[in-house]
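# Residue-level structural notes
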Amino acid sequence: MSSSDIFIGETIGTAILILLGGGVCAAVTLKASKARNAGWLAIAFGWGFAVLTAVYTSAPLSGAHLNPAVTLALTIKDGGWNNLPVYWSGQLLGAMIGATLVWVVYYGQFRVHLTDPEIVGTDEQRAAKAVEAEEPAAGPVLGIFSTGPEIRHAVQNLATEIIGTVVLVLAVLTQGLNDKGNGLGPLGALITALVVVSIGLSLGGPTGYAINPARDLGPRIVHALLPLPNKGGSDWSYAWVPVVGPLIGGAIAAGLYNVAFA
């Protein structure tokens with residue numbers, strides 16, 4: 001694969017991943033959406049199907065890493081450090097494009113949601129909160145773009161992201177051990193998607209299961225930049241957790257693979 005193929009494939013694939021994954025979060029969250037309040041089950045399966053679609057689309061070009069933690073693990077396992085910046089750049093750009101497309105698709109719903117006093121409070125209430133807070137609180141639609149903890153405990157939150165990412169990356173790495181080392185081919189995308197659903201249902205409750213630095217950081221940047229009314233803060237004090245945690249998890253998974261499976 002050439003560097004241009006890798007960059008284009010990862011950009012397209014990650015954009016699709018975030019468009020569909022962020023899209024289901026928007027559908028469940030926003031007023032005037034037909035899927036509002038569909039719940040966590042819809043979100044978990046929506047993200048799984050997003051992974052499935054993105055992997056099938058981008059695999060011929062880049063191998064469909066779509067996740068800096070996966071790229072790091074595969075690089076530790078196989079080498080090829082020169083391509084790591086190309087993968088990571090495409091993934092971050094694609095995540096930002098996908099998040100922007102979610103805003104385009106749900107433009108009217110964002111405006112209705114973020115101008116409803118029941119959602120964002122009155123002008124006086126927002127002004128009082130702004131005076132009290134040293135940093136703007138996470139805004140009412142930030143969860144459409146990026147993750148956040150239900151209980152803010154840095155060690156627990158970091159551990160949750162590490163553990164979830166280890167499960168994901170080990171599942172990706174061990175697929176090549178099936179079928180006499182020939183991998184699972186197209187079936188691998190489906191299995192990876194189901195693993196993501198499983199992680200969401202089982203481990204996603206505490207933090208929203210980023211398990212992918214680009215998936216969280218790219219859309220968080222877009223949230224900070226988009227002209228959304230009353231959008232609130234982007235919660236930058238937490239932003240390091242869904243970046244560092246998955247990278248640590250990917251490195252641990254690669255080490256476990258090399259020790260136990262290689």
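Structural notes, computed from the coordinates. Position labels on residues start from 1 in each chain and follow its written sequence. Per-residue local features of the predicted model are confined to residues with pLDDT of at least 70, and side-chain atom pairs are confined, for both listing and counting, to 80 or more; whole-chain, interface and lining totals are unaffected and use all residues. Each side-chain value is worked out from all heavy atoms of the structure, with water and hydrogens disregarded.

## Re the packing of aromatic side chains
When the centres of two rings from Phe, Tyr and Trp lie within 6.5 Å, Trp using its six-membered ring, the rings pair. Their planes under 30 degrees apart give stacked, over 60 give edge-to-face, and anything left gives tilted. Scanning all chains against the criterion turns up 5 aromatic pairs. The interplanar angle of 70° and the centroid separation of 5.8 Å between the aromatic rings of Trp40 and Tyr209 together place this pair among those described as edge-to-face. Taken together, the positions of Trp40 in helix α2 (residues 40-62) and Tyr209 in the loop between α10 (187-203) and α11 (213-225) put the pair 169 residues apart, joining distant regions of the chain. Under the scheme applied here, a residue whose accessible area is under 20% of the maximum for its type counts as buried, over 50% as exposed, and between as partly exposed, the area being computed with a 1.4 Å probe on protein chains only. According to the relative accessible area criterion, Tyr209 is buried, its value standing at 6%. Between Phe45 and Phe49, the aromatic rings sit 6.1 Å apart at their centres with planes inclined by 45°, giving tilted as the arrangement. One end of the pair, Phe45, and the other, Phe49, are both in helix α2, 4 residues apart, so they sit about a helical turn from each other. Taking relative accessible area as the criterion, Phe49 reaches 51% and is therefore assigned exposed. Each helix corresponds to a stretch of at least 4 residues labelled H or I by DSSP, and each strand to a stretch of at least 2 residues labelled E; elements are numbered beginning at the N terminus.

## With respect to helix α3 (residues 68-78)
Those residues of α3 that sit buried are Pro68, Ala69, Val70, Thr71, Leu72, Ala73 and Thr75. Any two residues whose heavy atoms approach within 4.5 Å at even a single point are treated as in contact. Of the surrounding secondary structure, the elements contacted by the buried residues of α3 are α4 (84-105), α9 (154-174), α11 and α12 (241-260). Distance and chemistry together define a polar contact, namely a pair of N or O atoms within 3.5 Å, with one atom able to donate a hydrogen and the other to accept it when in protein, and with adjacent residues in sequence counting only for side-chain atoms on both sides. Where α3 begins, the side chain of Asn67 points an oxygen toward the backbone nitrogen of Ala69, at a separation of 2.9 Å. Following α3 by one or two positions, Gly79 has its phi on the positive side, about 90°.

## As for the pattern of salt bridges
What makes a salt bridge here is a side-chain nitrogen of Lys or Arg within 4 Å of a carboxyl oxygen of Asp or Glu, nothing more. One pass over the full model with this rule turns up 5 salt bridges. Put simply, Asp116 and Lys31 hold a salt bridge, and the shortest N to O gap is 2.4 Å. Of this pair, Asp116 sits in the loop between α5 (107-114) and α6 (117-120) while Lys31 sits in the loop between α1 (3-29) and α2, placing them 85 residues apart in sequence. Here Asp116 falls in the buried class, since its relative accessible area comes to 14%. Lys77 is the partner of Asp78 in a salt bridge, and the nearest nitrogen-oxygen pair spans 3.0 Å. The class of Asp78 is exposed, set by a relative accessible area of 53%.

## A look at the side chain of Ser58
Turning to its location among the elements, Ser58 is positioned in helix α2. For Ser58, a relative accessible area of 1% gives the class buried. A polar side-chain atom of Ser58 sits 2.8 Å from the main-chain carbonyl oxygen of Ala54. Residues within four places of Ser58 in sequence aside, it is in contact with Gly9, Gly13, Gly63, Ala64 and Leu66.

## A look at unusual backbone geometry
At Ala64, a position not held by glycine, the phi torsion is positive, near 60°. Its place among the elements puts Ala64 in the loop between α2 and α3. Despite not being glycine, Asp235 shows a phi value in the positive range, around 55°. In this structure, Asp235 sits in the loop between α11 and α12.

## With respect to the nonpolar core
The biggest cluster of nonpolar side chains holds 40 residues, and the ones touching the most others in it are Phe110 and Phe145. Among the elements that line this core, the one with the most residues is α2, at 8 residues. If we skip the residues at most four places from it in the chain, Phe110 touches Leu30, Val102, Trp103, Val141, Ile144, Phe145 and Leu228. By nonpolar core we mean a set of buried residues, namely Ala, Val, Leu, Ile, Met, Phe, Trp, Tyr and Cys, connected to one another through side-chain atoms within 4.5 Å. Among the nonpolar cores identified, the runner-up in size contains 12 residues, and Ala73, Ile162, Leu173 and Val241 belong to it.

## Looking at α11
For α11, with 13 residues, the first-to-last C-alpha span of 18 Å sits near the 18 Å given by 1.5 Å per residue. Along α11, the residues classified as buried are Pro213, Ala214, Arg215, Asp216, Gly218, Pro219, Arg220, Val222 and His223. Capping of α11 at its N-terminal end is provided by Asn212; its side-chain oxygen lies 3.0 Å from the backbone amide nitrogen of Ala214. In a helix, the anticipated span is given by 1.5 Å times the number of residues less one.

## Regarding the packing of α9 against α10
Orientation is described by axes fitted as lines to C-alpha atoms, over the contacting stretch for helices, and by angles from 0 to 180 degrees between their N-to-C directions. Contact geometry of α9 with α10 gives a least axis separation of 10 Å together with a crossing angle of 160°. Here α9 is positioned roughly antiparallel relative to α10, judged by the angle of their axes. For the pair α9 and α10, the sense of crossing is right-handed. On α10, the residues touching Thr160, Ile163, Gly164, Val167, Leu168, Ala171 and Val172 of α9 are Thr192, Val195, Val196, Ile199 and Leu203. Residues are sorted three ways: Asp, Glu, Lys and Arg are charged, Ala, Val, Leu, Ile, Met, Phe, Trp, Tyr, Cys and Pro are nonpolar, and all the rest, Gly among them, are polar. Within the contact of α9 with α10, the residues separate by chemical class into 9 nonpolar, 3 polar and no charged. We call two directions roughly parallel when the angle between them is under 35 degrees, roughly antiparallel when it is over 145, roughly perpendicular when it lies between 65 and 115, and oblique otherwise. Crossings are assigned a handedness: left-handed for a near helix turned anticlockwise from the far helix by less than a right angle, right-handed for a clockwise turn.

Limitation: the analysis is restricted to geometry and does not speak to function.
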